[in-house]
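# What the coordinates show
Listed below, chain by chain, are the residues.
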Amino acid sequence: MTIETESTLPEPEPTVSSTGESRPSLWRAVLAGGRSFGTVAILIVLIVVFALSTDAFLTLRNVQNVLIVQTITALMTFGVMFPLIVGEFDLSVGYLIGFLAVLGAFLAGHGQGALVVIPAMILLGGVVGLINGLLTQKVGISSFIATLGVGIVLQGFTQGASGGKVLFNGIPSVVTKIGGGYAGPLAISVWIAIGFAIVLFYVLEQTPLGRSWYAVGGSERVSFLAGLRTARLKIAAFTVSGLMVGVASVLALGQSGSANPGFGPDLLLPAYAAAFLGVTTYRAGRYNVIGSVVGILLLAVGFNGLSLLGVPFWVQPIFNGGVLLVAVIVARAEARKVKVGT
């Protein structure tokens with residue numbers, strides 16, 4: 001029996017105006033463009049407004065500083081994006097980056113060099129992600145509860161390893177070079193973030209693995225019946241999330257040259273806000289790399305511009321929280337539009 005798919009259905013006849021233009025098709029194109037590039041338009045408007053408001057905004061120094069700071073948020077966003085793609089949440093990432101930064105500083109303070117510190121931070125991040133995946137898929141705990149519980153455990157380890165103090169002794173010069181050094185006009189950490197963005201974009205958009213992750217997020221049951229190993233795919237998504245946070249922790253340790261036991265949880269909201277904003281850009285209704293990058297830049301430009309205009313420090317959490325709420329609302333609306341085919 002042949003099943004008639006969307007591609008085989010006859011196209012409805014458009015209404016043609018007296019000028020020969022197809023009004024419904026044109027209107028749909030305008031709406032689709034607005035949904036796909038509305039965030040980009042907002043970003044451009046913010047850049048223009050802040051550039052006209054303060055001369056310090058578009059200086060090379062300010063642009064470089066904004067980009068280098070956002071590399072950590074970018075990798076955190078890539079990390080939370082993978083569980084979101086498969087329909088899960090990872091609330092441990094904020095605690096994880098703080099724990100890994102303290103771990104790296106702890107190892108460095110006890111005589112370990114970069115060849116031990118960097119792999120230990122990244123690999124342990126992947127191990128924690130794997131544990132999150134196993135707890136959700138093999139034990140059957142909700143991802144909210146499992147990852148939050150793991151995060152709280154990590155916070156305890158962070159306090160224990162640091163003794164509640166900032167660790168700064170013996171940080172390898174290679175780590176500080178990676179975190180704060182420059183290669184040409186951009187910081188090394190910015191090049192690293194760009195490299196990961198390109199690789200992840202290719203994996204998600206051009207490989208069977210990426211398409212399988214999106215299929216699981218679209219319908220886990222249908223994916224399972226189609227032969228996909230949904231549990232393994234979700235575990236892999238959590239593991240990639242942990243690895244991304246591990247790389248982010250190396251950059252964070254290198255940029256600050258120290259590890260503060262209180263660092264990390266505040267990065268959770270910007271990461272999720274950027275990921276949800278990404279749903280409205282490039283591929284409406286789907287978490288994607290290009291949209292997430294635009295979301296990151298939107299958050300960075302917004303807060304940096306407000307800071308240059310002299311807003312107080314407590315505006316940042318209000319700004320991030322407000323953007324997160326708006327992003328979630330818009331993301332849900334886009335998901336409904338995609339489901340009904342508008």
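Look above for the structure.
Scope of this entry: the structure provided in the associated data block. (Residues numbered from 1 in each chain as written. Predicted model: local features only at pLDDT ≥ 70, side-chain atom pairs only at ≥ 80, totals over all residues. Heavy atoms only, no water.)

### Structural notes on the side chain of K234
Take K234: it is sitting in helix α10 (residues 230-256). With a relative accessible area of 4%, K234 lands in the buried category. Non-local contacts of K234, meaning those with residues more than four positions away in its chain, are made with V86, E88, Q137, V216 and E220. (Helix = DSSP H or I, 4+ residues; strand = E, 2+ residues; numbered from the N terminus. Buried < 20%, exposed > 50% of the residue type's maximum accessible area, 1.4 Å probe, protein only. Contact = heavy atoms within 4.5 Å.)

### As for the packing of helix α11 (residues 268-278) against helix α12 (residues 289-308)
For the pair α11 and α12, interaxial distance at closest approach is 7 Å and the crossing angle is 125°. Considered as vectors, α11 and α12 are oriented oblique to each other. Considering how the two elements wind past one another, α11 and α12 form a crossing that is right-handed. Within the contact between the two elements, α11 uses P270, A273, A274, A275, L277 and G278 and α12 uses G291, S292, G295, I296, L298 and L299. Here the residues of the contact of α11 with α12 sort into 8 nonpolar, 4 polar and no charged. (Axes fitted to C-alpha atoms, helices over the stretch in contact; angles between N-to-C directions. Parallel < 35°, antiparallel > 145°, perpendicular 65-115°, else oblique. Left-handed = near helix turned anticlockwise from the far one by under 90°. Nonpolar A, V, L, I, M, F, W, Y, C, P; charged D, E, K, R; others polar.)

### Notes on a nonpolar patch on the surface
A contiguous nonpolar surface patch, about 370 Å² in accessible area, is contributed by V139, I141, F144 and I145. As for its placement among the helices and strands, I141 is situated in the loop between α4 (114-137) and α5 (143-162). (Patch = residues over 30% accessible without salt bridge, like charges linked within 9 Å, V, L, I, M, F, W, Y side chains within 5 Å. Areas by Shrake-Rupley, 256 points an atom, 1.4 Å probe, with all protein chains shown as cover. Salt bridge = Lys/Arg side-chain N within 4 Å of Asp/Glu carboxyl O.)

### Side note on the pattern of salt bridges
With the rule as written, the count across this model stands at 2 salt bridges. Between K234 and E88 there is a salt bridge, with the nearest N and O atoms lying 2.7 Å from each other. Within this pair, whereas K234 is found in helix α10, its partner E88 is found in the loop between α2 (60-85) and α3 (93-109), the two being separated by 146 residues in sequence. Linking K234 and E220 is a salt bridge whose minimum nitrogen-to-oxygen distance equals 2.9 Å. In this pair, K234 sits in helix α10 while E220 sits in helix α9 (residues 220-225), placing the two residues 14 residues apart along the sequence. Members of the salt-bridge network, linked through shared partners, are E88, E220 and K234.

### So, the layout of surface pockets
The calculated volume of the second largest pocket comes to roughly 550 Å³. The wall of the second largest pocket is formed by 21 residues, among which V69, Q70, T73, F303 and Q316 lie closest to the centre. Secondary structure elements with two or more residues in the lining of the second largest pocket: α2, α11, α12 and α13 (315-340). Tallying contributions element by element places α2 first for the lining of the second largest pocket, with 7 residues. Residues belonging to the lining of the second largest pocket are distributed by class as follows: 11 nonpolar, 9 polar and 1 charged. (1 Å grid on protein atoms, 1.4 Å probe; cavity = no way out; pocket = protein on both sides within 12 Å on 5 of 7 lines; lining within 4 Å. Points joined across faces, edges and corners; volume = space filled by probe spheres on them.)

### Quick notes on the environment of V86
Inspection of the secondary structure puts V86 in the loop between α2 and α3. Judged by its relative accessible area of 1%, V86 is buried. When the C-alpha atoms of V86 and G217 are compared, they prove to be 3.8 Å apart, with 131 residues separating the residues in sequence. Residue contacts for V86: discarding those within four places in its chain leaves W213, V216, G217, K234 and A237.

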